[in-house]
Amino acid sequence: MYKLENYSNKEITHLLRSIAAVHQLKGKNRFRTIAYENAADAVEHLSREIKDVWEEGKIYQVPGIGEIIGSSLNELFKQGRSKHFDSILAQVPTPVFELMKVRSIGPKRAYKLVTILGLDHSDNIFTDLKKAGEEGKIAEIENFGKKSEQEIIAAINLYRQRSAKADRMPIPYAKRIADEVINYLKNHPQVMRVDALGSLRRWEATIGDVDLAVQVKREKLNGKSYKNIIDYFIKYPKKIKVENAGENKASIIVSPNIRIDLRIQEEAGYGSMLQYFTGSKAHNIKLREHALAEGFSLNEYGLKKIRSPSTSLRTSPKSPPQRKGGDPRNNSQIMEFSNEHRLYEFVDLQYIPPEIREGTNEIELAQKNQIPKLVEVADIKGDLHVHSSYNLQPSHDLGENTYEEMLKKAKELKYQYLGFAEHNPKTSGLNEKEIIEIMKKRYLEIEKIRDAEIKVKCFIGLEADILPDGSLALPEKAIDYVDYLVVSVHSAFNLNVKAMTERVLKALEYPKVKALGHPTGRLLGKREGFELDWERIFNFCARKNIALEINSWPQRLDLPDTLAREGLRHEVKYIINTDAHATQEMEGMRYGVSVARRGWCGRSDIINTLNYSAFKKWLNNKS
DNA sequence: GCCGTTTTCGGCCCGACTGTTTTCAGTCG
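Everything numeric here is computed off the predicted structure, so don't read it as measured data.

Student: Talk me through the protein's contact with DNA strand B; I want residue IDs and the actual numbers.
Tutor: Residues in close proximity to DNA strand B total 49 residues, the closest being G64, R103, S104, G145 and R288. Close to the protein, within 4 Å, the atoms of DNA strand B belong to sugar or phosphate groups at a rate of 74%. In the environment of DNA strand B, a phosphate oxygen lies 3.5 Å from a nitrogen or oxygen atom belonging to the side chain of Y36. Within the side chain of K108, a nitrogen or oxygen atom sits 2.8 Å from a phosphate oxygen of DNA strand B. For the surface near DNA strand B, the secondary-structure elements that each account for two or more residues are α2 (30-44), α4 (67-79), α5 (83-89), α7 (107-116), α9 (146-163), β5 (239-245), α14 (281-293) and β8 (296-299).

Student: Could you give an account of the environment of Y111, with specific residues and numbers?
Tutor: In this fold, Y111 is placed in helix α7. Between the alpha carbons of Y111 and F97 there is a distance of 8.7 Å; along the sequence they are 14 residues apart. In this structure Y111 touches L25, K26, V92, P93 and V96, once residues within four positions along its chain are discounted.

Student: Hey, could you go over unusual backbone geometry for me, with residue numbers and the actual values?
Tutor: For the peptide bond that leads from G279 to S280, omega is -5 degrees, which places it in the cis range. Phi angles above zero are rare outside glycine, and N143 is one such case at about 75 degrees. Tracing the backbone shows N143 in the loop between α8 (125-134) and α9. A relative accessible area of 68% places N143 in the exposed class. Positive phi outside glycine occurs at D579, with the angle close to 60 degrees. Turning to its location among the elements, D579 is positioned in the loop between β18 (574-577) and α22 (589-598). Overall, the relative accessible area of 6% leaves D579 in the buried class.

Student: Account for the environment of H387, with residues named and values stated.
Tutor: Structurally, the position occupied by H387 is in the loop between β11 (382-386) and α17 (403-412). Judged by relative accessible area, which is 0%, H387 ranks as buried. Those residues in contact with H387 that lie beyond four places of it in its chain are D397, G399, E400, M406, A421, E422, H423, E463, D579, A580 and H581. A polar side-chain atom of H387 sits 3.1 Å from a polar atom in the side chain of H385.

Student: Tell me about the packing of α17 against helix α18 (residues 432-450), residues and numbers included.
Tutor: One way to put it is that α17 packs onto α18 with a least axis distance of 11 Å and a crossing angle of 45 degrees. Considering the angle they form, α17 stands oblique to α18. Handedness of the crossing formed by α17 with α18: right-handed. In contact with Y403, E404 and L407 of α17, α18 contributes R442, E445, I446 and I449. Of the residues belonging to the contact of α17 with α18, the class tally is four nonpolar, no polar and three charged.

Student: Account for the sheet that holds strand β15 (residues 485-488), naming residues and giving values.
Tutor: Spatially, the five strands line up as an open sheet ordered β14-β15-β16-β17-β18, and their pairing is parallel. Either end of the sheet is taken by a strand with one partner, and the two such strands are β14 (463-465) and β18. Between one strand and the next, the sheet's axes are offset by a mean angle of 35 degrees, whatever the strand orientation. One ladder, built from four bridges, connects strand β17 (residues 547-551) with β18; its direction is parallel. Paired with E549 across the bridge in β18 is I575.

Student: Tell me about the pattern of salt bridges, and name the residues and values.
Tutor: Between side chains of opposite charge, a pair can form when the charged atoms approach closely. Enumeration over the complete set of coordinates arrives at 41 salt bridges. R357 is the salt-bridge partner of E340, the closest N and O atoms lying 2.8 Å from each other. Taken together, the residues E340 in helix α15 (residues 340-346) and R357 in the loop between α15 and α16 (362-367) connect sequence positions 17 residues apart. Note that E502 is salt-bridged to R536, the shortest N-O span being 3.1 Å. Taken together, the residues span a long stretch of sequence, with E502 in helix α19 (residues 497-508) and R536 in helix α20 (residues 534-544) at a distance of 34 residues. On the basis of relative accessible area, R536 is assigned to the partly exposed category, the value being 35%. Each of R168, R202, E204, E358, D561 and R598 takes part in salt bridges that share partners, so that together they form one network.

Conventions adopted
- Residues numbered from 1 in each chain as written.
- Chains lettered and ligands numbered in written order.
- Predicted model: local features only at pLDDT ≥ 70, side-chain atom pairs only at ≥ 80, totals over all residues.
- Heavy atoms only, no water.
- Near = heavy atom within 4 Å.
- Polar contact = N/O pair within 3.5 Å; in protein donor to acceptor, adjacent residues only side chain to side chain.
- Helix = DSSP H or I, 4+ residues; strand = E, 2+ residues; numbered from the N terminus.
- Contact = heavy atoms within 4.5 Å.
- Buried < 20%, exposed > 50% of the residue type's maximum accessible area, 1.4 Å probe, protein only.
- Axes fitted to C-alpha atoms, helices over the stretch in contact; angles between N-to-C directions.
- Parallel < 35°, antiparallel > 145°, perpendicular 65-115°, else oblique.
- Left-handed = near helix turned anticlockwise from the far one by under 90°.
- Nonpolar A, V, L, I, M, F, W, Y, C, P; charged D, E, K, R; others polar.
- Pairing = 2+ DSSP bridges.
- Salt bridge = Lys/Arg side-chain N within 4 Å of Asp/Glu carboxyl O.

Listed below in structure tokens is the structure:
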């Protein structure tokens, strides 16, 4: 029987996939299998922990989770077991589910291996199976052969290496890997263009593998095969393994265990490829369903007319041939699109930016022309959370660059203003009077340069620790020497929801508090965020004119995108900051903007898109 | 099992690659 340790998304995903596998193996209703797989996909790509979503009573808002799966998860979270799940899982030996974690082993192969080799009760399925493979027993099974046997042994080895590591990468890391491969590919004379797609193009908080599309010119190729480019790709110097390599696509693993998927397309159909390979999977499924309703079958090459729109009730059927846009090549039956915008237009949808292609309700809203204009980096007028090297004896780490250097960088980034928010002076070893002196001295220091810089104005901020009891790690009198405060939790992360919420709300009551810094405290891959009563926080901040920070630091990306979208319903405002500790890190604004975009934020939802005077007014206006 | 500007019933995306196969099943994205 399954063992759950921490109810992480990873564990729940695997649980749901296991149930899907049982349904598939028992083969009664394949749509039930699909339903569980869809639910698993949804949990896997959720930007927050499913258990937190459940605790907020919003589990049914996750697309793909309905009455039965939702109530079973409810039981599971509450009592540690679900009778319904248990009864399904009991139909198949547990080692089957373990084996399915290995690449190239799906439900059917896992089931065959476990039952035929008599490993139903194996405690160490990977070791046992590997041993069987080394003894040649796998190859003897029907429909398996020598190659499959080798493949399985290799896959087990890889799985064991990989499972020891964090399996999703921070975006900058994935981008670096992608860029190296892109540069390599661009050296090939037939390659016209290379794009990183998939979760990288959607700017997901963490990246599983790297998806690349290559555009080639037909006349430069002999015939229609892209074999020569595939061959070049699989010779990539850092490749450690070729997963597969066919006519149209290939996958390699590069050191230290990152998968790169490649697809190739000519210019005429490149828009379709961009769309398909950007995903998400859930978005593509919904888009294809939508296309079907319009009478078209959609794939990665284009659209095929299948019939008149199936709906008899449709009152004003637009007959497809008259449509503008697209790149109809009717002679070949498939309509190609060189341009992604035209593809969406052709199926009567507003263009949908990659960041929100997550299969929530973007298709429905695009039909109604209700996709908002999302905020862009160019809209950002200032960064209000940067750490300089000015030594105010901070409680946490100091920055690397001086005020002047950071202002210069801000100018380079075309900002109108910059807000310094070093950590508050440490409270141990310094008495209140000393702290106030330090703050005053710093105030005067910044005052000196405040107007020296003509183009970039600066604000005097501070990032103050929220202590466990909700008070700030700063004497009230010291607040006189700042323009605003960002308050953040840096300790005692394990309070319960109620205590944590009270703690934060109390801190937000202090004068000059204008932002809640990295609101969940999460560190991707290291630490889960703490829980808050978001309804209360959102409502409080909206009422008090306090912004929630969207922290651009790639390991934070905090507030998470799904919460950002939720906050919009409460009319919360956000402030996107880099939390930079060096000038170079100030360039990371794009990461935070991406979170905001994934959270459906427009320019007016982001407070630091205001120009200097409007922003200053907002800063001084605490209702 | 899920889901709904057409629906609370009756549908449910689409294709590439590999290995073991002479036509397809399994896995993956």
